[in-house]
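Close look at the chain arrangement
Each chain, written out:
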Amino acid sequence: MTILDDLLQNNKSIKNIVILSGAGISAESGIRTFRDSNGLWEDHSIEEVATPEAFQKNPKLVHNFYNQRRKQLLSSEVDFNKAHQIITEIEDSNLYNIVVITQNVDDLHERSGTKNVIHMHGELLKTKCTSCNISSPIDSDLDTQSICSHCDEKGTLRPDIVWFGEMPYQLNEIETYLNSADLFLSIGTSGQVYPAAMFVSTTPSECIKLEINIEKTNISNQFDYSIQESSSKGMEILKNYLLPQK
Ligand code: APR
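**Here we look at the sheet that holds strand β5 (residues 135–137)**
Strand order across the open sheet formed by three strands is β5-β4-β6, with antiparallel pairing between neighbours. Lying at the two open borders of the sheet, with one neighbouring strand each, are β5 and β6 (157–161). Neighbouring strand axes in the sheet, compared pairwise and without regard to direction, differ in orientation by 45 degrees on average. Of the strands in this sheet, β4 (122–129) and β6 touch helix α6 (residues 59–74), which is tilted by about 135 degrees from β4.

**Looking at the site of the ligand**
Close to the ligand lie 23 residues; Phe34, Arg35, Thr189, Ser190 and Asn213 are nearest. Within the backbone of Ser231, one N or O atom sits 2.9 Å away from a nitrogen atom of the ligand. In isolation the ligand offers 740 Å² of accessible surface; the protein chains occlude 94% of this area. Each residue belonging to the shell around the ligand can be placed in one class, and the counts come to seven nonpolar, eleven polar and five charged.

**As for the side chain of Asn213**
Among the secondary structure elements, Asn213 is positioned in the loop between β8 (208–212) and β9 (225–227). Separated by 3.2 Å, the side chain of Asn213 and the backbone oxygen of Thr189 make a polar contact. Not counting residues within four places of it along the chain, the set of residues in contact with Asn213 comprises Gly188, Thr189, Ile227, Gln228 and Glu229.

**Things to note about the sheet that holds strand β1 (residues 16–21)**
Pairing between the strands of a sheet is mediated by backbone hydrogen bonds and can be parallel or antiparallel. On the basis of which strands lie adjacent, the open sheet formed by six strands has the order β3-β2-β1-β7-β8-β9 and parallel pairing. Each of the sheet's edge strands pairs with one partner strand only, and the pair in question is β3 (117–119) and β9. Strand-to-strand, the axes of this sheet are offset by a mean angle of 20 degrees, without reference to chain direction. Judged from the six bridges that link them, β1 and strand β2 (residues 97–102) form a sheet pairing that is parallel. Across the sheet, the residue bridging to Ile17 is Ile98, located in β2.

**Looking at the nonpolar core**
Counting residues in hydrophobic clusters, the biggest one holds 24 residues, and the most contacted among them are Ile17, Ile90, Met235 and Leu238. Elements represented by at least two residues in this core include exactly α1 (3–8), β1, α7 (82–92), β2, β7 (183–187), β8 and α10 (231–242). Of the residues forming this core, the biggest block, four residues, is contributed by α7. Apart from the residues within four sequence positions on either side, Leu238 is in contact with Leu8, Leu185, Leu210, Ile212 and Ile227. Grouped together as the second largest cluster of nonpolar side chains are 18 residues, Trp41, Phe55, Phe65 and Leu108 included.

Conventions used here
- Residues numbered from 1 in each chain as written.
- Predicted model: local features only at pLDDT ≥ 70, side-chain atom pairs only at ≥ 80, totals over all residues.
- Heavy atoms only, no water.
- Pairing = 2+ DSSP bridges.
- Helix = DSSP H or I, 4+ residues; strand = E, 2+ residues; numbered from the N terminus.
- Axes fitted to C-alpha atoms, helices over the stretch in contact; angles between N-to-C directions.
- Contact = heavy atoms within 4.5 Å.
- Near = heavy atom within 4 Å.
- Polar contact = N/O pair within 3.5 Å; in protein donor to acceptor, adjacent residues only side chain to side chain.
- Areas by Shrake-Rupley, 256 points an atom, 1.4 Å probe, with all protein chains shown as cover.
- Nonpolar A, V, L, I, M, F, W, Y, C, P; charged D, E, K, R; others polar.
- Core = buried A, V, L, I, M, F, W, Y, C linked by side-chain atoms within 4.5 Å.
- Buried < 20%, exposed > 50% of the residue type's maximum accessible area, 1.4 Å probe, protein only.

As structure tokens, this is what we get:
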């Protein structure tokens, strides 16, 4: 019997599943991660493009960075992958209550059909007005002259992304989900960014804690088991335990 058999064999006691996803789940869709070799932070420093101060100092550069990301996300090269799809299948089975808390700003969980998704770090396909504070959908480039469709102000739109130094979204709701988790799955995240990196330690002691990552992370030791595989392979392994075999 493997450790996973041991942990998941009696999965009838698992009702609430909380999934924390990171850039590694979208890597197989062709979206670059942040901290791997060839990660986004190799080309741009966080201070240059991912802080409120950076936006104040050089809004053009920051807009360009997110315009490029948005363009790529909307290009025909990018679509959801097997890992996103299996999460949707598990949600659609109605055997569990599932929430996906994603640090990703892409919409690949939604594209694959997952319904209960929390974007704690914001969304590339949304813009927020710094004047009226309203967030609205966006699928084209933003620049320093863009006009808010709600308050008609010019030059007040920013990407609706949670930058370093800002408060992630929906933390109260996230805490409620974590408190009642029976299975916590962290997939494709390096565990280097807080508060997401401490979610595993805030789940109940009886909650089963699993990690899927191609390599060990610096928080792997906080999990009951780490499946050292790609996101899609790891989800296929997990699916065998969580869904009835056809
Ligand atoms: N399958 C599984 N895991 C993978 C794969 C893959 N195919 N490819 C890469 N990974 C793993 C890497 O080993 C790494 O641990 O995904 C992780 C990606 O880590 P980061 O690049 O640090 O991304 P993430 O953890 O999502 O970053 C968190 O940091 O920069 C901010 O706001 C940004 O939301 C982001 C946050």
